[in-house]
Amino acid sequence: MLNPGPATTTDTVKMAQVVPDICPREKEFAGLMKGLRNDLLKVVHAPADQYTSVLFCGSGTINIDICVNSLVPEGKKILVVNNGAYNSRAVEVCQMYHIPHIDLKSSIYEQPDLKAVEQALKANPDVAVVYCCHHETGTGVVNPIREIGALAHQYGAIFVSDTTSTLGMIPLDVVKDNVDFCMASAQKGLMAMSGLSFIIGREDIIRASKNYPTRSYYCNLYLQYEYFEKTGEMHFTPPVQTIYATIQALKEYFAEGETAKFARHRRVYEAIRKGVAELGFETVIDPKIESGLVVSVKYPDDPNWSFERVHDYCYERGFTIYPGKISTTNTFRLCSLGAIDVNDIDDFFVVLKQALEHFRIKLK
Ligand SMILES: *Cc1c(COP(=O)(O)O)cnc(C)c1O
């Protein structure tokens, strides 16, 4: 799978879902979730005496919803540093809940300008939360979260980062990277199944948020945290089988190791870039600001090109390519997530080349 998630999983993770039936209100299951929550802290090097992880049943967007609606105090604002579709999603959440916010928009092809972030913070002393996505999965641009987090702290705000498409792939150290809250779902960097999402964040801030305006019943960070603290369980039914898969995926994550896994995604990305260049495709984002996880490729300028037909040709032969998410340019995406390596990419380019020949698509 060369789509930006759910990612290719190992067979051992798939099989970990096949377990005897269990009621998730059993102590045995709460014990499993306790271990899982601890392991998630380790993935982002979060000190257990300052940070906690809170699990939710839902896709990754539930985390954006929860962080935005739960962490803005009465009379305060959230500043969204916005250079793409996923940051725009946080802005949409603000709009839905009528949360006072600043949408600091900038080019989707570039990293945000730190001077503009500082100016916005200077001009708006009522900003309590700064928000920025680590990696805009729609383009492949990686954002300077450490610097943005430092600015947030300098101006007395907390920093929330959507790390859904980097956590478990690009090493993250929440303390060094100035991140108070980060988030992901199990099916991306951790290479588990979809249905489980989690927020890792500062426990003192979650406790303080008890007194913030409540804007959702199901998606409230404090309520879920409090339930976990009291009972060790999720407030409502957890995604039972996905949790078993995630526990297995975390075992495999620690066995592979943070550095080795990062290096593997990097070499897969480099193989994608090389293959794309060799065939003569053009790309959209400067590799210097690319995450190394997503490559946005321009449609070739040939009337024979049809993404759909090329997609189907590759899909029938075992490879999934993915549409782009850039409204101004026609692109598709090739991603380096999941349990894949360079040999898979080499195999893919054999098929893609065949597809181009089959449909008589010419590249420059
Ligand atoms: C995948 C992703 C999400 C979550 O998307 P869902 O479709 O809800 O799982 C959120 N943020 C980023 C940056 C992502 O890549």
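For the structure itself, consult the block above.
These numbers come from a predicted model, not from an experiment.

## Things to note about the sheet that holds strand E4 (residues 127-133)
Inference 1: Across the sheet, 7 strands lie side by side as E1-E9-E8-E7-E4-E2-E3; this open sheet has mixed pairing. Of all strands in the sheet, those with a lone pairing partner are strand E1 (51-57) and strand E3 (101-105), marking the two edges. Neighbour-to-neighbour, the strand axes of this sheet turn through a mean angle of 20 degrees, independent of strand direction.
Inference 2: Of the pairings in the sheet, the one linking E4 to strand E7 (residues 158-162) comprises 5 bridges and is parallel in character. By the bridge assignment, Val130 is partnered in E7 with Phe159.
Inference 3: Along the sheet, helix H5 (residues 114-123) makes contact with strand E2 (77-82), E3 and E4, crossing E2 at roughly 165 degrees.

## Quick look at the environment of Ile285
Inference 1: Inspection of the secondary structure assignment puts Ile285 in the loop between helix H10 (258-279) and strand E10 (294-298).
Inference 2: Since its relative accessible area comes to 2%, Ile285 is described here as buried.
Inference 3: Here the alpha-carbon distance between Ile285 and Tyr322, two residues 37 residues apart in the chain, equals 17 Å.
Inference 4: Those residues in contact with Ile285 that sit more than four places away from it in its chain are Ile108, Tyr109, Thr139, Val141, Arg273 and Glu290.

## Side note on helix H3 (residues 61-70)
Inference 1: Within H3, 9 of the 10 residues are buried, which leaves it mostly tucked inside the rest of the structure.
Inference 2: Within H3, the full set of buried residues consists of Ile62, Asn63, Ile64, Asp65, Ile66, Cys67, Val68, Asn69 and Ser70.

## Concerning the pattern of salt bridges
Inference 1: Scanning all chains against the criterion turns up 19 salt bridges.
Inference 2: Lys230 serves as the salt-bridge partner of Glu226, at 3.6 Å between the closest nitrogen and oxygen. One end of the pair, Glu226, and the other, Lys230, are both in helix H8 (residues 221-231), 4 residues apart, so they sit about a helical turn from each other.
Inference 3: A salt bridge links Arg317 to Glu316; the shortest N-O distance between them is 3.6 Å.
Inference 4: Ionic contacts of the salt-bridge type, sharing partners, join the residues Asp180, Arg202 and Asp204 into one network.

## What to know about the pairing of E10
Inference 1: With 4 of 5 residues buried, E10 is to be regarded as a mostly interior element.
Inference 2: For E10 and strand E12 (residues 331-335), the ladder comprises 5 bridges, and the chain directions are antiparallel. In the strand pairing of E12, Val297 is matched with Phe332.

## Overview of the environment of Arg360
Inference 1: Considering the arrangement of structural elements, one finds Arg360 in the segment after helix H12 (342-358).
Inference 2: Remark: the alpha-carbon pair of Arg360 and Asn304, spanning 56 residues in sequence, is separated by 6.6 Å.
Inference 3: Not counting residues up to four positions away in its chain, the partners in contact with Arg360 are Asp302 and Asn304.

## Topic: the site of the ligand
Inference 1: Close contacts around the ligand come from 14 residues, with Ser59, Thr61, Thr137, Asp162 and Lys188 the closest.
Inference 2: Gly60 has a polar backbone atom sitting 3.0 Å from an oxygen atom of the ligand.
Inference 3: In the environment of the ligand, a nitrogen atom lies 2.7 Å from a nitrogen or oxygen atom belonging to the side chain of Asp162.
Inference 4: When the free accessible area of the ligand is taken as 390 Å², the share hidden by the protein chains comes to 86%.
Inference 5: At the level of secondary structure, the elements contributing two or more residues to the shell around the ligand comprise H3 and helix H4 (85-97).

## Things to note about the nonpolar core
Inference 1: Counting 79 residues, the largest nonpolar core has Val130 and Ile200 as its most contacted members.
Inference 2: Setting aside anything within four residues of it in sequence, one finds Val130 in contact with Leu79, Val81, Leu121, Ile148, Ala152, Ala157, Ile158, Phe159 and Val160.
Inference 3: By size, the runner-up hydrophobic cluster in this structure holds 29 residues, among which are Ile272, Val310, Ala355 and Leu356.

## Structural notes on the side chain of Gln224
Inference 1: By the element assignment, Gln224 lies in helix H8.
Inference 2: According to the relative accessible area criterion, Gln224 is buried, its value standing at 7%.

Scoring rules and cut-offs
- Residues numbered from 1 in each chain as written.
- Predicted model: local features only at pLDDT ≥ 70, side-chain atom pairs only at ≥ 80, totals over all residues.
- Heavy atoms only, no water.
- Pairing = 2+ DSSP bridges.
- Helix = DSSP H or I, 4+ residues; strand = E, 2+ residues; numbered from the N terminus.
- Axes fitted to C-alpha atoms, helices over the stretch in contact; angles between N-to-C directions.
- Contact = heavy atoms within 4.5 Å.
- Buried < 20%, exposed > 50% of the residue type's maximum accessible area, 1.4 Å probe, protein only.
- Salt bridge = Lys/Arg side-chain N within 4 Å of Asp/Glu carboxyl O.
- Near = heavy atom within 4 Å.
- Polar contact = N/O pair within 3.5 Å; in protein donor to acceptor, adjacent residues only side chain to side chain.
- Areas by Shrake-Rupley, 256 points an atom, 1.4 Å probe, with all protein chains shown as cover.
- Core = buried A, V, L, I, M, F, W, Y, C linked by side-chain atoms within 4.5 Å.

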